[in-house]
Amino acid sequence: MRTGLVLLNRIGGLWLLLGLAAVLVLPWYKVPPPDMGGGPSLFGTALTEALIGRWWLLPPILAALAFAAVRILAGERWQAHRLVPWIAGITAVLYLAQAFGIGLRGPAIGGISLLFPMAEAGQPGLGPGGFVFGIALTGIIAEALAVRGFCRGERFAANAVVFIVVLLSLFVFFPILRLGSAALFSPDGIFQPGLFITRLTAPDLWGLNCLIGDGRCGVVINTLMLGILSGIFSTALGLALALIVARTGFRFKGALRAVSILPIITPPFVVGVAIIVLFGRTGVVTGWLDFLFDVPRTRWVYGLPGILLAQVLAFAPITFLVLLGTVEAINPTLEEASKTLGGKPLATFRTVTWPLLRPGIAAAFLLAFIESLADFGNPIVLGGGYDVLSIRIFFAVVGARYDLGNASVLAIILLTLTLSAFWLQTRWLGKKSYVTVTGKSDAGLFAPLPGPIKTAAYLAMIPWVLFTLGVYAIVVIGGFVSDIARFDLVPTFRHLSTAFSFEIGATGLELYGSAWDSLRTTLLVSAIAAPLTTAVGILTAYLISRQDFAGKGAFEFGTMLSFAIPGTVVGVSYVAAFNVPPVDITGTMAILVICFMFRNMPVGMRAGIAALSQIDRSMEEASQTMGASGLSTLRTVVLPLIRPAIFTSMVYAFVTAMTAVSAVIFLVSARHNMATAYIMGRVENGEYPLAIAYSAVLMIIMIVSIVIIQLLIGRRQLGRRSELQNTPPAIPAE
Amino acid sequence: MTEKAIEFADVVKRYGTVTAVDRISFSIERGELVTFLGPSGCGKTTSLRLIAGLELPSEGVVRIAGEDVSTRAASERNVGMVFQSYALFPHMSVIENVAYGPTIRGGDKKAAADRGYEILAMLGLEGLGKRLPSELSGGQQQRVAVARAIVQQPDVLLFDEPLSNVDAKLRRRVRQEIRDLQRRFNLTAVYVTHDQEEALAVSDRIVVMNQGRIAQIGTPAELYNQPNSRFVADFIGDANLIEGHVEGGRFKAGDLTLAVDGSPDRPKATVSVRPERIVFDGGAVRAKVRDATYLGSRYEYSLETSFGSLLASAPIVSTPLSPGTEVGITVPPDGFTLLKN
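Just so it is clear, the model here is predicted, and its values are computed rather than measured.

Quick notes on the rules
Residues numbered from 1 in each chain as written. Chains lettered and ligands numbered in written order. Predicted model: local features only at pLDDT ≥ 70, side-chain atom pairs only at ≥ 80, totals over all residues. Heavy atoms only, no water. Phe/Tyr/Trp six-rings, centres within 6.5 Å; stacked < 30°, edge-to-face > 60°. Helix = DSSP H or I, 4+ residues; strand = E, 2+ residues; numbered from the N terminus. Buried < 20%, exposed > 50% of the residue type's maximum accessible area, 1.4 Å probe, protein only. Lys NZ or Arg CZ within 6 Å of the ring centre and 35° of its normal. Contact = heavy atoms within 4.5 Å. Buried area = accessible area lost by both parts, 1.4 Å probe. Salt bridge = Lys/Arg side-chain N within 4 Å of Asp/Glu carboxyl O. Polar contact = N/O pair within 3.5 Å; in protein donor to acceptor, adjacent residues only side chain to side chain. Nonpolar A, V, L, I, M, F, W, Y, C, P; charged D, E, K, R; others polar. Domains from an automatic or database assignment. Pairing = 2+ DSSP bridges. Axes fitted to C-alpha atoms, helices over the stretch in contact; angles between N-to-C directions.

**Here's the deal with the packing of aromatic side chains**
Move 1: All told, the structure shown has 26 aromatic pairs over all chains when counted by the stated rule.
Move 2: Ring plane angle 90° and centroid distance 6.2 Å describe the contact between W28(A) and Y95(A), whose orientation is recorded as edge-to-face. Within this pair, whereas W28(A) is found in the loop between α2 (14-24) and α3 (46-51), its partner Y95(A) is found in helix α5 (residues 83-101), the two being separated by 67 residues in sequence. The pair W28(A) / Y95(A) is uniform in exposure class, with both members buried.
Move 3: Aromatic pair Y95(A) and F133(A): ring centres 5.5 Å apart, planes at 55°, arrangement tilted. Of this pair, Y95(A) sits in helix α5 while F133(A) sits in helix α7 (residues 128-147), and the two are 38 residues apart along the sequence.
Move 4: Among the aromatic residues, ring-to-ring pairing joins F100(A), F171(A), F174(A), Y574(A), F578(A) and F598(A) into one connected group.
Move 5: Taking NZ or CZ as reference, R274(B) lies 4.0 Å from the ring centre of Y224(B), over its face.

See below:
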């Protein structure tokens, strides 16, 4: 393998070969372009397409040949030649200009067809040749930068930085820009900038009728109200749980921590469905209340109360983890100091503990707020008439009245709200956290919780525990009894067999169940996405914490930005960006994988940065001085030492890919359906037991997969390094 | 071959607005051990890293064995480096650490391991090949780090403050080991330290650095006896810096007159006098003992003179001078240096 690489280098590098292949051998387009009388081109390569009249494909061909010529004339370090940056830069501009300038139905700007008559017929999306040329050009630019001292001349690092920047631009920024421009077009595709204002100020967005009269509020107000309430309740509950775990003699702390992991592996809709099964008009609890106390059956659970209930249940574990960190970080000697100065327990809590907790509480609130804004699964199941932004966006794209422009405006509002909260959160965490943990060992003991606060905390916890038990009991048994919603508890495998029946016949395994396709796609996509997501995330972490390069600050900001974009917005933006050439990939499995990669990559990145910060940088420098390239150093030194972070990232990426819904719901197709989309369909049809059964199967698969990943990656115990595993999971907005 | 082992030509290294290395030029001969010495932040470590290729110069040219390596990454140079923290890979055994370089460069694994064992044996580490670095003592770890750095016969061996993790008592021995090793293999070595005693003890030549520039280059004796600046005089050993003026080939300060033949007249001048060069011989310069300190191997006197206070040291005698005593002292003609600025 090594000699192969050396040989490749000798003949000019992988990128040069790929570039030549892209223009001379591979078909440039995804599908053959329309015939304009020039006759079909042989093989459809860029060269043959150009020769029959698509002259705008000439720059890539000429560039590939020019690079080859420079290689022949200038020798092995040909990228150092002074012509290379010029050729590469001009080609990049012309390559992008032709891709975006000439669309499927013709040129975007009138003048182009004067220059190239063939452009009138338009061109389809990029195919193998087009993409490979882009990759090769990117690689050549990276190498040209590396020989000029970028990334301290480390070729691998330079390539990694340039490729990640290009990928982020293509799959994070470009879709958002497309989304922004879509907001300026009417549904018929006519450019109408004024429409943006009309859409933005629509009365059904900002109405305040629910506060003053009986009417309904606008969707933005609804979303904000839900977010604020959800934030307050989740934070209060999370604080109660954190105080109980950290400051009382509560005996089931381990169980509480374990329960806090559950929402991460709980498929969406399940909690919503369970709430309907419990509290819906025909629900179990509703029925008993009616039977015992003559409480009339109502539909109260549909709307704000139901969504709120489901969200608090889902987000309290997250706020709990954040606040537990804060509570445990308080230096006990501060409280002891207050006591020695005469402070009573309640006064100490009020004057010392509480102010120290405030930054953590703010952070937890904002986190829950962001999650609530981005939530899609609960509102769609429990919304009733209560409209929120994520739902409105979904129906603007998927519903009967397809209106991408309107969806874009709604998405921009949602994005603005989320990013503002995200910005506030980073500001708050950055400036106001009073970290009182020092290297010194403080021998102080945590003060027990003052009586009234302890009572309040337990009062908050008990209903939550009952509720969680109720919900998960339904998840466990609901799929395996006749009809849980009507309290018909006869055990049955009927639902399971509807979804997963199979037969082993003469022709081998035959899968009949209706869920097999989506399960197969989900597993395949998750299995492909998890390692790729981890690779991108860990690589980015490595670049951020270990490499110095121009523009690193912007690079870091860009990766964090992809973390803050709500899934619904990502979904719409992908529809806006990738439904049309040049990058025409909707309906493929690739778009699902790509979507997961860039949404979940920041978790791997954070885990990686945390792990890398514990590893002495001189080990990598030692490896380099001994002749290891950046790539070998990464492989032989860095990766073995940060296995726990890789594990965290793999598990997170896999599990999230299996349970995500908000972004993929826009991207699934009949051929590539995902489990969550399938479950959503069942929920919409009221087939709750089937949905629950499928969810239970998914949860079992996830648990088994986590065990398998752990066995594959293994856990390296190098003394204290095993602690890295406890890096708190950072959860992006769903 | 006459080319230098290492050559810096007008090398500048900037980080943003901070200039860590400010246009330095020097060269190192083959088989020489050169030390970069200076206070923290003087650019000595950056200079070392520029040789290693862990930093690339913002301006100027770095040559190793006559070849311009200015834009070449560390992995494309042939250097060996011993890190301050040793940087042994904790997940690899000792032999895997030592054979890492030859293996990663694509060599035969077996040959690499054989070569590794050979080096380990030469450094007195027989039988430790299979252990993990965490199972070795600090001194052994350091020798493994050295073994790992020299196994590929590098053009230059770099040491980044190698003694800072060794406890004070062992330092003398370890630095002697390093010196012996460098001589035995006839290695070109560059050594970074902030400890002037260490630098004087191990070096063929010392490059004294200050604020990103070279203050002076010379052999230990040259630097000690003929410092060219206040900084060097002060940084290496103890020095009395006496302010005065030069007139007619004489340096004058109070009742002190020293012959500085050939020096032009200067209204302000400074001479540096080492404490041990001051002779208590009842000479013409008047001094009054303010304080006497017993240091075991010698006495140190703090003196009051007409040109300010003076530090002098003298061998142990049974009856030291007591505070308040008036004495006459002499600064011998070869016991001082007139500083350039």
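**Focus: the environment of N673(A)**
All names here are of chain A.
Move 1: Looking at where N673 falls in the secondary structure, it is placed in the loop between α31 (643-659) and α32 (675-684).
Move 2: N673 sits 114 residues away from T559 along the chain, and the two C-alpha atoms are 28 Å apart.
Move 3: Ignoring anything within four residues of it in the chain, the contact list for N673 reads D517, S518, T521, V668 and Y678.

**Looking at the interface of chain B and chain A**
Move 1: Contacts between the two partners involve 28 residues from chain B, matched on the other side by 28 residues from chain A.
Move 2: Buried area between chain B and chain A, summed over both chains or domains, comes out near 2300 Å², and the portion from carbon and sulfur atoms is 59%.
Move 3: At the surface where chain B touches chain A, the tally comes to one salt bridge.
Move 4: For R49(B), the salt bridge identified is with E621(A), shortest N-O distance 2.6 Å.
Move 5: At the boundary of chain B with chain A, the tally comes to eight residue pairs in polar contact (both at pLDDT 80 or more).
Move 6: Within the residue set of the side of chain B that touches chain A, elements represented by two or more residues are α1 (44-52), β6 (79-82) and α3 (100-104) of chain B.
Move 7: Top contributing element to the side of chain B that touches chain A by residue count: α3(B), with three residues.
Move 8: Counted by class, the side of chain B that touches chain A contains 15 nonpolar, eight polar and five charged residues.

**Focus on the domain arrangement of chain A**
All names here are of chain A.
Move 1: Taken domain by domain, chain A consists of domain 1 (2-148), domain 2 (221-390 + 425-436 + 456-477) and domain 3 (516-726).
Move 2: Once you take the C-alpha centre of each, domain 2 and domain 3 turn out to be 26 Å apart.
Move 3: Taken together, the contact between domain 2 and domain 3 spans 21 residues of the former and 20 residues of the latter.
Move 4: Linking domain 2 with domain 3 are zero salt bridges.
Move 5: Put simply, domain 2 and domain 3 have zero residue pairs in polar contact (both at pLDDT 80 or more) between them.
Move 6: Elements supplying a minimum of two residues to the side of domain 2 that touches domain 3: α14 (262-265), α15 (270-279), α20 (377-382) and α23 (451-478).

**Concerning the domain arrangement of chain B**
Residues and elements named next belong to chain B.
Move 1: Taken domain by domain, chain B comprises domain 1 (6-231) and domain 2 (239-338).
Move 2: Using only C-alpha atoms to locate each centre, domain 1 and domain 2 end up separated by 39 Å.
Move 3: Counting residues at the interface gives six residues for domain 1 and eight residues for domain 2.
Move 4: For the pairing of domain 1 and domain 2, the buried interface totals around 580 Å² over both sides, and the portion due to carbon and sulfur atoms is 41%.
Move 5: It is Y224, P227 and R230 that lose the most area in domain 1 upon contact with domain 2, and together they represent 84% of the buried surface on that side.
Move 6: Seen at the junction of domain 1 and domain 2, the total is one salt bridge.
Move 7: Salt-bridge contacts for E243 lead to R230; the nearest nitrogen and oxygen are separated by 2.5 Å.
Move 8: On the surface where domain 1 and domain 2 come into contact, there are four residue pairs in polar contact (both at pLDDT 80 or more).
Move 9: The greatest single-element share of the side of domain 1 that touches domain 2, amounting to three residues, is contributed by helix α8 (residues 220-225).

**Concerning the sheet that holds strand β15 (residues 285-294) of chain B**
Residue and element names in this part refer to chain B.
Move 1: With antiparallel pairing, the four strands of this open sheet are ordered in space as β17-β16-β15-β18. The open sheet has two free edges, formed respectively by β17 (308-315) and β18 (326-329), since each of these has just one partner strand. With strand direction ignored, the average angle separating the axes of adjacent strands in the sheet is 45°.
Move 2: Relative to strand β16 (residues 298-305), β15 runs antiparallel, the two sharing seven bridges. Note on β16: the bridge partner recorded for A287 is T305.

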